[in-house]
Amino acid sequence: MKGQRWLKLVRIIISLFFLAGFLLVFSDVRAKLPSTFSTILTYFQFWPSIQKYSSIPGILAIGFVFVIIFTLIAGRVYCSTICPLGILQDAMIFIQKITYGKRSKYRYKKPLNFIRYSILGFLTISLLFAGIFAINLLDPFANFGRIASTIYQPIFIIGNNFVSKILMHFGFYSLQPLPIKEFNALPFFFALCIFLTLISMVIYRGRLYCNTICPVGAFLGLVSKVSFLKIRISKNQCSQCGKCQTVCKANCINVKTRIIDESRCIACFNCINSCENSSIVYVKALSRKDKPVLMQDINKRNFLKSGAIYVTSFPLIAHIVKLGDGNITTIRNHDSENPQNSPGDFRTRGPISPPGSKGIDNLKANCIGCQLCISVCPTKVLQPSFLEYGFTGMMLPRMNNDTGFCNYECTKCGEVCPSGAIIPLTKDIKKITQIGTVVFERDHCVVFKSEKSCGSCSEHCPTQAVHMISYKGFLTIPETNPEICIGCGACEHVCPVTDPHAAIFIIPHKVHKLAKLPANEKKVDSNANQEFPF
Amino acid sequence: MKRRAFLFKTFAATIASGALFSMGKWNTVVAQGQNQENELPFDMVAIKNGDPSTMFDTAIAALGGMKKFVKPGQTVLVKPNIGWDATPERAANTNPELVGRIVKHCFDAGAKSVMVFDNSCDEWTRCYKNSGIEAAVKQAGGQIVTGKDETQYREVEISNGNVLKKTKVHKLMIESDVIINVPVLKNHGGAKMSLSMKNLMGVVWDREFYHKNDLQQCIADFVTYRKPDLNVIDGFRVMKRNGPRGVSVADVVEMKYQILSKDIVAADTAATKIFGIDTKEVGHILLAEKLGLGTTNLDSLNIKRITL
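Residues numbered from 1 in each chain as written. Chains lettered and ligands numbered in written order. Predicted model: local features only at pLDDT ≥ 70, side-chain atom pairs only at ≥ 80, totals over all residues. Heavy atoms only, no water.

### Overview of the overall build of chain A
Logical step 1: Secondary structure summary: chain A contains 23 helices and 10 strands in total.
Logical step 2: Buried positions account for 57% of the 534 residues belonging to chain A.
Logical step 3: Contacts in chain A between residues far apart in sequence, at least 24 positions, make up 74% of those at least 6 positions apart.
Logical step 4: Roughly 23,700 Å² of accessible area belongs to chain A as shown, and the carbon and sulfur atoms make up 66% of that amount. (Helix = DSSP H or I, 4+ residues; strand = E, 2+ residues; numbered from the N terminus. Buried < 20%, exposed > 50% of the residue type's maximum accessible area, 1.4 Å probe, protein only. Contact = heavy atoms within 4.5 Å. Areas by Shrake-Rupley, 256 points an atom, 1.4 Å probe, with all protein chains shown as cover.)

Here is the structure:
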């Protein structure tokens, strides 16, 4: 059984692949990496995958099924190799070890099952009332995303720009500076709280977060109770020296009884390598050999059945709840918004949801708030919301035309979205997806007020929904054609008028529409073969 | 003793610095002498019916070669239009083949470094890449520089400006020995035409000021800060409408023109005639003539016309 030492090595290699991969994805400020890379990494993320399945069912969204299968076979390997927040905690433990010489010695602790299952139960029930909002706040991937986006990415950008500046000083322009992203207090402080909580929990008791707070951890813990492979202590060889429990991050090895609490075991395999007698083995739990008699084994078959029903019904529940939630939010938003008779009012226009999100309700029903789209948005137009979408819509992406405008050719946010909240659009569809329409207030326009040329809005308009028409003398003034406007916000972003607001702006659609294609103008005539006209 | 030594040293230092100073002047005199050697055979070269590289090769040869503009060891800024995330066929940006060719000519003339940048309107890395200019410049050995790093811009006085009195300019525009301005000839909704002078808006940080305070005058004012040493107007593909961004290739016509001139006003005037618009409609060209930046009277110039 000495041969099982490789298990830990494999675990470390896979986890480093995922952690490095995710850090790379969140370093991709300008969206240069192929989207398939982040799609592969996020495919197996449990909660995003469930969301994606209920939004766009299909083979591309069944990562969570694989996670359950992995867990049924091998225990909570998800938590030790795939979950970036789990790996982040392992990294913290590693840093702790190299900083203090040795890692803190763990001891067996009783599980905090009451807290753990209360949270899981509460979150499941909260689906009925608040949609997925409460789960998003504790979901490990969403939290990793928020930490990576608001803490890691700024540090990466500042570091990159520092090096770039030094190189530029000496005339090397090869390393380009990256745009500093906007600071958003809410996701930053939320991520900071989670980050500090993680650090203190890691110092206090290793993977305490995963076994007490994390809803995915609690759920997979239940599944892993019936897993095929389990870590077991062989009675015959074990001398009860207790080395294994000092390396157990999950505090789940009870040396006295030689029982490992598999609902908390995250399959890190540290114990196997720590055991000098090789009495800890990773074996088929269904075989009778080497197996202590446990309560849950008796009811295993029953549990397996009910567990299977729970698991398969989960996305279904989420889907049904979503439909209901959609109606609730529609009514709620209707109350707070102005009646339809003033669709052009800048101040009460509400948030603009990104193309591919289909509309506000769909975004709120599917987005887990991981900030991945915001992190890779090359134009910085995507910013996290505060209360624009309502209380249960905090930290979701919204289009902020102050910080940027949506690039006409770019479809990145939908390509990277792990939860299907922003569906991937082809370029052709994106170019006619109307997230809002343009409103031009001529009274505020520079051309009208000061009778000087401007045309900034029309200049940037990709469809010429804003075009310049003859005004006084040789002057030109904007004219709009909302039918072909897609609401990218370029005109609003570049409009030089700021007082009281841009003279041209976007009024969002609550449910996205399709814009008409720009009129197929005839190809311009060529006068190329003439003689020199001067 | 000490005082005497001090006085002596001061005296010596004064003489030495004076000598250095006059040497500096003497250098300028020499440089001016060289400038006279560099007198161009034509005020303008207009060429048509070729591909961008061939037209530039022929036209620059007619002007006496790139060595007339770039001396060995000099630093060069080539300023194309890389404003938009669009492919070369859309003609929203300067032709990449032409930009690459100019970079190559600069190095052949002995340039120490050739830098290329624009303060793009769309996200700049997408513009640089999709315009094809990044690849063309790198292939020719030039360096691509971001125009989106505000710390690279320095505030300068525009002493002859009417409206634009000071603005933040990219340090390459300030420090480079030679400036080669390579606009693309196209329609422009706000400024009527986007040509050599309009293209120089891309070395300025705060374009919003222009749009707020008389766009046409600001465009002309800025040219008084520093005139490019050479303007190369790319009229290979011309965007006839919906400019400066354009909607599709239907807006574009292949005209296969190129204009080279040191006189920025004359170059832009010629371009309006090729485009087929009355020069008077393009406000900043007339305003620039008023500022003494060049002439719109093409008849007064010695123009070489080449048809390939």
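On we go.
### Quick word on the interface of chain A and chain B
By convention, interface size is frequently given as the accessible area that disappears when the constituent parts associate.
Logical step 1: Every contact between the two is made by 50 residues of chain A and, on the other side, 60 residues of chain B.
Logical step 2: Counting the surface lost from both chain A and chain B, the interface buries some 4,600 Å², and carbon and sulfur atoms represent 53% of this.
Logical step 3: Counting the surface chain A buries against chain B, the share from its top three residues, Tyr173(A), Phe532(A) and Phe534(A), is 17%.
Logical step 4: Scanning the region where chain A abuts chain B turns up three salt bridges.
Logical step 5: For Asp214(B), the salt bridge goes to Lys452(A), with nearest N and O atoms at 3.4 Å.
Logical step 6: Put simply, chain A and chain B have 19 residue pairs in polar contact (both at pLDDT 80 or more) between them.
Logical step 7: Contributions of two or more residues to the side of chain A that touches chain B are made by helix 9 (140-169) and helix 22 (456-460) of chain A.
Logical step 8: The element that contributes the greatest number of residues to the side of chain A that touches chain B is helix 22 of chain A, accounting for three residues.
Logical step 9: Partitioned by chemical class, the residues of the side of chain A that touches chain B number 22 nonpolar, 17 polar and 11 charged. (Buried area = accessible area lost by both parts, 1.4 Å probe. Salt bridge = Lys/Arg side-chain N within 4 Å of Asp/Glu carboxyl O. Polar contact = N/O pair within 3.5 Å; in protein donor to acceptor, adjacent residues only side chain to side chain. Nonpolar A, V, L, I, M, F, W, Y, C, P; charged D, E, K, R; others polar.)

### Description of the layout of surface pockets
Logical step 1: Considering only enclosed or pocket space, the largest pocket measures out at about 1,200 Å³ in volume.
Logical step 2: Considering the residues around the largest pocket, the lining is formed by 44 residues, among which Lys380(A), Thr403(A), His493(A), Lys148(B) and Trp205(B) are closest to the centre.
Logical step 3: For the lining of the largest pocket, the elements supplying multiple residues, two or more each, are helix 9, helix 22 and helix 23 (490-494) of chain A together with helix 8 (207-212) of chain B.
Logical step 4: Residue composition of the lining of the largest pocket, by class: 14 nonpolar, 16 polar and 14 charged. (1 Å grid on protein atoms, 1.4 Å probe; cavity = no way out; pocket = protein on both sides within 12 Å on 5 of 7 lines; lining within 4 Å. Points joined across faces, edges and corners; volume = space filled by probe spheres on them.)

### A look at the packing of helix 7 (residues 113-130) of chain A against helix 12 (residues 215-224) of chain A
Residues and elements named next belong to chain A.
Logical step 1: Contact geometry of helix 7 with helix 12 gives a least axis separation of 9 Å together with a crossing angle of 105°. Classified by the angle their axes make, helix 7 and helix 12 are roughly perpendicular. Contacts between helix 7 and helix 12 involve Arg116, Tyr117, Leu120 and Leu123 from the former and Pro215, Gly217, Ala218, Phe219, Gly221 and Leu222 from the latter.
Logical step 2: In the contact of helix 7 with helix 12, the residues fall into seven nonpolar, two polar and one charged. (Axes fitted to C-alpha atoms, helices over the stretch in contact; angles between N-to-C directions. Parallel < 35°, antiparallel > 145°, perpendicular 65-115°, else oblique.)

### Brief notes about the environment of Asp43(B)
Residues and elements named next belong to chain B.
Logical step 1: Position of Asp43 among the secondary structure elements: in the loop between helix 1 (2-37) and strand 1 (44-48).
Logical step 2: Remark: the alpha-carbon pair of Asp43 and Ala266, spanning 223 residues in sequence, is separated by 8.9 Å.
Logical step 3: Beyond its immediate sequence surroundings of up to four residues, Asp43 is in contact with Leu260, Ser261, Lys262, Leu301 and Asn302.

### Let's talk about the packing of aromatic side chains
Logical step 1: The full count for this structure, using the stated rule, is 22 aromatic pairs over all chains.
Logical step 2: Look at Phe532(A) and Tyr257(B): their rings are 5.7 Å apart centre to centre, the planes differ by 80°, and that puts the pair in the edge-to-face class. Remark: Tyr257(B) occurs in strand 11 (residues 252-261) and Phe532(A) occurs in the segment after strand 10 (504-514); the pair is interchain, linking two chains.
Logical step 3: Take Phe532(A): its relative accessible area is 12%, and that puts it in the buried class.
Logical step 4: An aromatic cluster is built from Phe22(A), Phe26(A), Phe141(A) and Phe144(A), whose rings are joined through pairwise contacts.
Logical step 5: Positioned above the aromatic ring of Phe532(A), the side-chain terminus of Lys48(B) is 5.6 Å from the ring centre.
Logical step 6: The lysine or arginine in question, Lys240(B), covers the ring of Phe275(B), its NZ or CZ lying 4.5 Å from the ring centre. (Phe/Tyr/Trp six-rings, centres within 6.5 Å; stacked < 30°, edge-to-face > 60°. Lys NZ or Arg CZ within 6 Å of the ring centre and 35° of its normal.)

### Topic: the pairing of strand 7 (residues 433-440) of chain A
Residues and elements named next belong to chain A.
Logical step 1: In terms of burial, strand 7 is a largely internal element, six of the eight residues being buried.
Logical step 2: Of the pairings in the sheet, the one linking strand 7 to strand 10 comprises seven bridges and is antiparallel in character. Its bridge partner lying in strand 10, Thr437 is registered against Ile507. (Pairing = 2+ DSSP bridges.)

### Looking at a nonpolar patch on the surface
Logical step 1: Residues Val65(A), Phe66(A), Ile69(A), Ile73(A) and Phe228(A) make up a contiguous nonpolar surface patch of roughly 370 Å² in combined accessible area.
Logical step 2: Considering the arrangement of structural elements, one finds Phe228(A) in the loop between helix 12 and strand 1 (229-233). (Patch = residues over 30% accessible without salt bridge, like charges linked within 9 Å, V, L, I, M, F, W, Y side chains within 5 Å.)

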